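Breakdown of the fold
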Amino acid sequence: MSSTISVNLPLSSYEIAIAPGSLDNLGDYMNRLQLGKKVLLVSNPTVFKHYGERVLSSLKASGFDVCSCILPDGEQYKNLDSIQKIYGTALENRVERSSTMIALGGGVIGDMTGFAAATWLRGINFVQVPTSLLAMVDASVGGKTGVNHPQGKNLIGAFHQPRLVLIDPEVLKTLPERELRAGMAEVIKYGVIWDADLFAKMENCLRLDQMEYLMAPVSGGENSLIDYILIRSCQAKADVVSKDEKEAGLRAILNYGHTIAHAVESLTGYSVVNHGEAVAIGMVAAGEIAAKLGMWQSSEVQRQNILIEKAGLPTKLPAGLDIAEIIESLQLDKKVKAGKVRFILPTQIGAVTITDEVPSEVIREVLQEMT
């Protein structure tokens, strides 16, 4: 299975290439884009150990001059200190305006590399090579880059579109199960906000928390469920981003589940739940809020929550979180406008609406029910 999805933008269109074994052909893909020969590869020790040499070999065989920056693994390192390390490597190796930064890793590495590329010499080329399911279906597409502030997630950032997103599904075989489950949260999100067929296909799958089930062929076709998930999720993201590159309106629906998720992540120091787990909690909360406001049927709330549980994801808040602190933290979210918290709430499977008219008492009631 190999597939190419176009992200059509006025000034910076690019392709998402999904192809097994493509990691060994990264140099060829980049040569087709006629990028400069100087490359800075950014990764973490875990991913680099598995795939670093293959990527370096491909790039060098294609004539690229490669240096690398290996950053610590984890959301807690997604900060300006790590960005300074990338800048330091770029300076030491004379990375120029014609050069390219490559992100080899999950969403954290992708976000940081993209931000460094957006700000180094006022913006240089950037290529995403995501190695986690979450990064493949979400973080690597759309040009959102950034780092966390101690008081809030992704408060420091920039829009900077990649020149290419290269997805090799085979790397998911080494992905830890917890990271697989985290990625499934974003896939479920696409089903709820955009793609009812994707949602139904996942409902018909026996399990969503283990790769062996996702690698099995889906009924009526040769592709596996993971192939189907990657193509449909990337297409959904591409569709939305192509219509609204910088979140002026429609693109905000991609934040479904993220409003409360970001509060949970920051209040737990980015160390108790990972991003996907937090999004799952946030989707449960958003679904319950929508039901209490009479916007969503309780039967569809249940369908969503059953799918979240099938993916092995949490549906309750982490122990010890203070409800008042969560509500206060919501005010620091990037999506707050004129002091009002903006929520993305479902109206049916495959459709959502954006609103800032959610009473605090409803938020509080739902959060209390999730303790």
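A brief structural summary. Small disclaimer: the values here were computed from a predicted structure and weren't measured.

**Thoughts on the pattern of salt bridges**
One pass over the full model with this rule turns up 20 salt bridges. Residues D24 and R54 are paired through a salt bridge, measuring 2.9 Å at the closest nitrogen-oxygen approach. A residue pair is termed long-range when its members are at least 10 positions apart, and D24 in the loop between β2 (14-18) and α1 (26-32) and R54 in helix α2 (residues 45-61) qualify at 30 residues. With relative accessibility at 30%, the residue R54 sits in the partly exposed group. Across the pair R303 and E300 runs a salt bridge, and its minimum N-O distance is 3.8 Å. On the criterion of helical spacing, the pair formed by R303 and E300 is a turn pair, its members being three residues apart in helix α12 (residues 298-310).

**What to know about the pairing of strand β10 (residues 343-348)**
Sheet topology note: the β10/strand β11 (residues 351-355) ladder contains five bridges and is antiparallel. Across the sheet, residue Q348 finds its bridge partner in β11, namely A351. If you look at the hairpin formed by β10 and β11, you'll find two residues sitting between the two strands, and G350 has a positive phi there, around 105°.

**Thoughts on the pairing of strand β7 (residues 144-149)**
Here β7 runs beside strand β8 (residues 152-159); their pairing, made up of five bridges, is antiparallel. Along β8, the bridge assignment pairs T145 with A158. Joining the antiparallel neighbours β7 and β8 is a turn of two residues.

**Here we look at the environment of S6**
Tracing the sequence through the fold places S6 in strand β1 (residues 3-7). You can call S6 partly exposed: its relative accessible area is 34%. Along the backbone, S6 and D239 are 233 residues apart, and their C-alpha atoms lie at a distance of 9.0 Å. Ignoring any residue separated from it by four or fewer positions in sequence, one finds S6 in contact with Y14, E15 and A238.

About the thresholds
- Residues numbered from 1 in each chain as written.
- Predicted model: local features only at pLDDT ≥ 70, side-chain atom pairs only at ≥ 80, totals over all residues.
- Heavy atoms only, no water.
- Salt bridge = Lys/Arg side-chain N within 4 Å of Asp/Glu carboxyl O.
- Helix = DSSP H or I, 4+ residues; strand = E, 2+ residues; numbered from the N terminus.
- Buried < 20%, exposed > 50% of the residue type's maximum accessible area, 1.4 Å probe, protein only.
- Pairing = 2+ DSSP bridges.
- Contact = heavy atoms within 4.5 Å.

This is a description of form; function is not addressed.
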